[in-house]
Amino acid sequence: MSEQRKLRWGILGAARVNERLLPAIVDAANAELVAIGSRRAGAAAAMLEKHAPGTAGVNLYDDAEALLNDARVEAVYLPMSNHEHTEWALKAIAKGKHVLIEKPLALTVADVDAIASAAKQQGVTVMEGFMYAFHPQFARVQELLRSGVIGEVKFVRASYSFLMKPARLYRLERNVDGGGGAMWDIGPYAIHSLRSCFGTEPESVVTIAKYTDSGADIATSGVFDFGEGKHGHFDISFETSRRSEYQVTGSKGGLKCHTVWQQAGDVPVITWWTEDGRFWEERLPVSNHFVAEIEHFSDCVLNGKPPFLSLEDARGNCQAIVAAMQSAAQESKVYI
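Residues numbered from 1 in each chain as written. Predicted model: local features only at pLDDT ≥ 70, side-chain atom pairs only at ≥ 80, totals over all residues. Heavy atoms only, no water.

Counting secondary structure elements, the chain contains 10 helices and 15 strands. At 20 Å, the chain has a C-alpha radius of gyration in line with the 20 Å of a compact globule built from 336 residues. Taken over the C-alpha atoms alone, the chain extends approximately 60 × 55 × 40 Å along its principal axes. In the chain, which comprises 336 residues, the proportion classed as buried is 54%. For the chain, the accessible area works out to roughly 14500 Å², and carbon and sulfur atoms hold 50% of it. Of the charged side chains in the chain, 34 are positive and 41 negative, and the gap between their average positions amounts to 2 Å. (Helix = DSSP H or I, 4+ residues; strand = E, 2+ residues; numbered from the N terminus. Rg over C-alpha atoms; globule rule 2.2 N^0.38 Å. Buried < 20%, exposed > 50% of the residue type's maximum accessible area, 1.4 Å probe, protein only. Areas by Shrake-Rupley, 256 points an atom, 1.4 Å probe, with all protein chains shown as cover. Lys, Arg positive; Asp, Glu negative; His and termini not counted. Charge placed at Lys NZ, Arg CZ, Asp CG, Glu CD.)

Quick look at the structure:
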């Protein structure tokens, strides 16, 4: 039998998230890490040595543009700062590279549309990087919701936070419009969780936020109206303990996904209950959702399949986030 074809990956930037993504590319069955590029001298080499020591055949660049000119690179993982996603995604697409863009895909709906248009023109695959959607627990939650066991979904509450440490203060340097703050960092998970559980787009939103001197939100809460009395509540913060969970309440019961950001070795737990008093706790097998994400994207490119997370989905998430922050700024309801 011939050896399985592997998609050749390059990493564009030395961001913190590479602690999980770089090893995931190395470990994925259908992926091969062939290049890393960073604008900081020595950062690419240091990152490889730290997170995948001994990995051979990786070209290291102290120039991001040079990575895009590397003919070996077929797909690019883009974890640069939020405000740089559109610029560098379009550069990569223009070079004929497939691109996995760390959430958020872009900061405006117009930029999402520009990326989608360029990808279509070049015939490349582009996806927003929501690793949690590739964990088996996401599929299990969706299965339970489709089954009707908890009835019609009426309310969803998504809570995402972590206590900001000095090493992460760069997330607050830019204002909201520039991609800084909690909403553009952890908010995409909350909004995506709500949209995924309802399976529809929200109609309006009311939001309140706490801002830093730079104009970045450090804590934001709000309610999306999904119509017909269905509401999605979210709260995100850099000032509270670590949380990554969502809870769904239906007409016949409810369920909870206890930990979305799965760490190595975490045992996924989903609990669900029904109005007649029955209660279940499911413990799923340990799974690396970063590896699953890389293998899914690689499979899509290698076999010409559409990604599970479409660019239309990315557009919907961006539109909801923009509306939420507009509501906070205006201190009023915003229709979407």
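Anyway, onward from the coordinates.
On the surface, R16, K50, K165 and R242 cluster together into a positively charged patch. By secondary structure assignment, the location of K50 is in helix α2 (residues 43–51). Assessed through its relative accessible area of 61%, K50 is described here as exposed. (Patch = residues over 30% accessible without salt bridge, like charges linked within 9 Å, V, L, I, M, F, W, Y side chains within 5 Å. Salt bridge = Lys/Arg side-chain N within 4 Å of Asp/Glu carboxyl O.)

Once that is clear, we can look at the nonpolar core. Counting 108 residues, the largest nonpolar core has W9, V126, Y160 and Y246 as the members making the most contacts within it. The dominant element in this core, judged by the number of residues it contributes, is helix α10 (residues 311–330), at 8 residues. (Core = buried A, V, L, I, M, F, W, Y, C linked by side-chain atoms within 4.5 Å.)

This next bit is on the environment of V267. Assignment of secondary structure puts V267 in the loop between β12 (253–257) and β13 (269–274). Judged by its relative accessible area of 42%, V267 is partly exposed. The spacing of V267 and S287 is 20 residues in sequence and 8.3 Å in space, taken between C-alpha atoms. What V267 contacts, discounting residues up to four positions off in sequence, is Q262, R283, L284 and V286. (Contact = heavy atoms within 4.5 Å.)

Next up on the list: the sheet that holds β13. Spatial strand order, β14-β13-β12-β11-β7-β10-β9-β8-β15: 9 strands in an open sheet with mixed pairing. At either margin of the open sheet sits one strand with a lone partner, and together these are β14 (279–283) and β15 (334–335). Summarising the sheet, β12 and β13 pair through 5 bridges and their orientation is antiparallel. Paired with G253 across the bridge in β13 is T274. (Pairing = 2+ DSSP bridges.)

How two aromatic rings sit relative to each other is set out by the distance from centre to centre and by the angle between their planes. Under the definition given, this model contains 15 aromatic pairs. Both rings, one in Y132 and one in Y189, keep their centres 6.2 Å apart while their planes meet at 75 degrees; by these two values the pair is edge-to-face. In this pair, Y132 sits in the loop between β6 (126–129) and α6 (136–147) while Y189 sits in helix α8 (residues 187–198), placing the two residues 57 residues apart along the sequence. Residue class for Y189 comes out buried when judged on its relative accessible area of 6%. With a centroid separation of 5.0 Å and 45 degrees between ring planes, the pair formed by F162 and F238 is classed as tilted. Residue F162 is located in the loop between β7 (153–161) and α7 (182–185), and its partner F238 is located in the loop between β10 (231–237) and β11 (243–250); the two are separated by 76 residues in the primary sequence. In this structure an aromatic cluster arises from ring pairing among F130, Y132, F134, F138, Y160, Y189, W261 and F308. (Phe/Tyr/Trp six-rings, centres within 6.5 Å; stacked < 30°, edge-to-face > 60°.)

Next up on the list: the pairing of β14. Walk down a regular strand and you will see the side chains alternate between the two sheet faces. Pairing geometry for β13 and β14, over 5 bridges, is antiparallel. Residue pairing for β14: W272 is matched across the bridge by W280. The hairpin formed by β13 and β14 contains 4 residues between the paired strands, and G277 there has a positive phi angle of roughly 100 degrees.

So, on to the sheet that holds strand β3 (residues 59–61). Taken in spatial order, the 6 strands make up an open sheet running β3-β2-β1-β4-β5-β6, and their pairing is parallel. The sheet terminates laterally at β3 and β6, the two strands that pair on one side only. Each neighbouring strand pair of the sheet contributes to a mean axis angle of 25 degrees, computed without reference to strand direction. With 6 bridges joining them, strand β1 (residues 7–12) and strand β2 (residues 31–37) adopt parallel strand pairing. (Axes fitted to C-alpha atoms, helices over the stretch in contact; angles between N-to-C directions.)

With that settled, the discussion passes to helix α1 (residues 18–27). Here α1 has its buried residues at N18, L21, L22, P23, A24 and I25. The elements touched by buried residues of α1 are β1, β2, α2, β4 (75–78) and α9 (289–303).

Here the focus is the packing of α8 against α10. Two elements in contact, α8 and α10, have axes separated by 10 Å at closest approach and are oriented at 115 degrees. You can see that α8 and α10 cross each other, and the crossing is right-handed. Seen from α8, the contacting residues are P188, I191, H192 and R195; seen from α10, they are D313, G316, N317, A320 and I321. Across the contact of α8 with α10, the residue classes tally to 4 nonpolar, 3 polar and 2 charged. (Left-handed = near helix turned anticlockwise from the far one by under 90°. Nonpolar A, V, L, I, M, F, W, Y, C, P; charged D, E, K, R; others polar.)

What follows is about the packing of helix α4 (residues 85–94) against helix α5 (residues 109–122). Describing two packed helices takes the angle between their axes plus the distance from one axis to the other. At their nearest, the axes of α4 and α5 sit 9 Å apart, and the two run at 5 degrees to each other. One way to sum up the angle between α4 and α5 is to call them roughly parallel. Two secondary-structure elements touch here, α4 through T86, A89, L90, I93 and A94 and α5 through D111, A114, I115, A118, A119 and Q122. Grouping the constituent residues of the contact of α4 with α5 by class yields 8 nonpolar, 2 polar and 1 charged. (Parallel < 35°, antiparallel > 145°, perpendicular 65-115°, else oblique.)

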